[in-house]
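Geometric and topological summary
Residues per chain, in single letters:
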Amino acid sequence: QVQLVESGGGLVQAGGSLRLSCVASGSIFIVNDMGWYRQAPGKQRELVAVITRGGLTNYADSVKGRFTISRDNAKNTVYLQMNTLKHEDTAVYYCNAETIVGIFQPPKGYWGQGTQVTVSS
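**Describing the side chain of Asp 89**
- By the element assignment, Asp 89 lies in the loop between β8 (77-82) and β9 (91-100).
- Among the residues examined, Asp 89 registers a relative accessible area of 1% and is labelled buried.
- For Asp 89, the side chain forms a polar contact with the side chain of Arg 66, separated by 2.8 Å.
- In this structure Asp 89 touches Arg 38, Val 63, Arg 66, Phe 67, Thr 84, Val 117 and Val 119, once residues within four positions along its chain are discounted.

Right, here's the structure in full:
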């Protein structure tokens, strides 16, 4: 089994910054794409940012220019640096990873438990 554990969430004032981390562990052969999603109460989960194993990135328009996703392949870790936070960024942030657990097995997506980010105004 593969486990994803997020950390770094918390309460911050508007304009502040937070850095989220997500570590993938377990029976991992290779981790392909990794990404961050968020979900506010009563809303659908939405993509925030994604990064390929080679470092290519994509961001939601709402966070572009404020958030930066990065990864450390040696540590199987993905980060999300969030700057100039806004109240509308408040949500539970989830880590997602496309993981291959065996050489003859297809990729499979895994989710972390989530970390709460609350931005006060």
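**Considerations on the nonpolar core**
- Core analysis: the largest hydrophobic core is formed by 30 residues, its most contacted members being Trp 36, Leu 80, Met 82 and Tyr 93.
- Those elements that place two or more of their residues in this core are β1 (2-7), β3 (18-26), β4 (30-39), β5 (46-51), β7 (67-72), β8, β9 and β11 (115-120).
- Once you skip the residues sitting within four places of it in the chain, Leu 80 turns out to touch Leu 18, Arg 19, Leu 20, Trp 36, Val 48, Ala 49, Phe 67, Thr 68, Ile 69 and Tyr 93.

**Some details on unusual backbone geometry**
- Even without glycine at this site, Asn 76 takes up a positive phi of about 50°.
- Within the element layout of this structure, Asn 76 appears in the loop between β7 and β8.
- Even without being glycine, Thr 84 reaches a positive phi, approximately 50°.
- Judged by relative accessible area, which is 45%, Thr 84 ranks as partly exposed.

**What about the environment of Arg 45?**
- Relative to the helices and strands, Arg 45 is located in the loop between β4 and β5.
- Relative accessible area serves as the criterion here: at 34%, Arg 45 is assigned to the partly exposed category.
- Ignoring anything within four residues of it in the chain, the contact list for Arg 45 reads Tyr 37, Arg 38, Gln 39, Tyr 94 and Trp 111.
- For Arg 45, the side chain forms a polar contact with the side chain of Gln 39, separated by 3.4 Å.

**Topic: the sheet that holds β1**
- Strand order in the open sheet made by the four strands is β1-β3-β8-β7, with antiparallel pairing throughout. The sheet terminates laterally at β1 and β7, the two strands that pair on one side only. Between one strand axis and the next, the sheet turns through 15° on average, direction left out of account.
- Where β3 and β8 come together, six bridges link them in antiparallel fashion. Its bridge partner being in β8, Leu 20 is matched across the sheet by Leu 80.

Rules and cut-offs
Counting restarts for each chain, with residues numbered from 1 along the sequence as it is written. Thresholds applied to this predicted model are a pLDDT of at least 70 for local features of residues and 80 or more for the giving and counting of side-chain atom pairs; totals over whole chains, interfaces and linings are not thresholded and use all residues. To get the side-chain values, all heavy atoms of the structure are used, and hydrogens and water are removed first. Comment: elements are numbered from the N terminus, with helices defined as DSSP H or I runs of at least four residues and strands as E runs of at least two. Three labels apply to residues, based on accessible area from a 1.4 Å probe with only protein chains included: buried if under 20% of the type maximum, exposed if over 50%, partly exposed otherwise in between. For this analysis, a polar contact is any N or O atom pair within 3.5 Å, provided that within protein one partner can donate a hydrogen and the other can accept it, and provided that sequence-adjacent residues contribute only side-chain to side-chain pairs. Whether two residues are in contact is decided by their heavy atoms, any of which lying within 4.5 Å being enough. Nonpolar core, defined: a set of buried Ala, Val, Leu, Ile, Met, Phe, Trp, Tyr and Cys residues in which side-chain atoms within 4.5 Å join the residues together. If DSSP finds at least two bridges between two strands, the strands pair. To get an axis, fit a line to the C-alpha atoms, keeping to the stretch in contact for a helix; angles then go from 0 to 180 degrees between the N-to-C directions.

None of this, on its own, says anything about what the molecule does.
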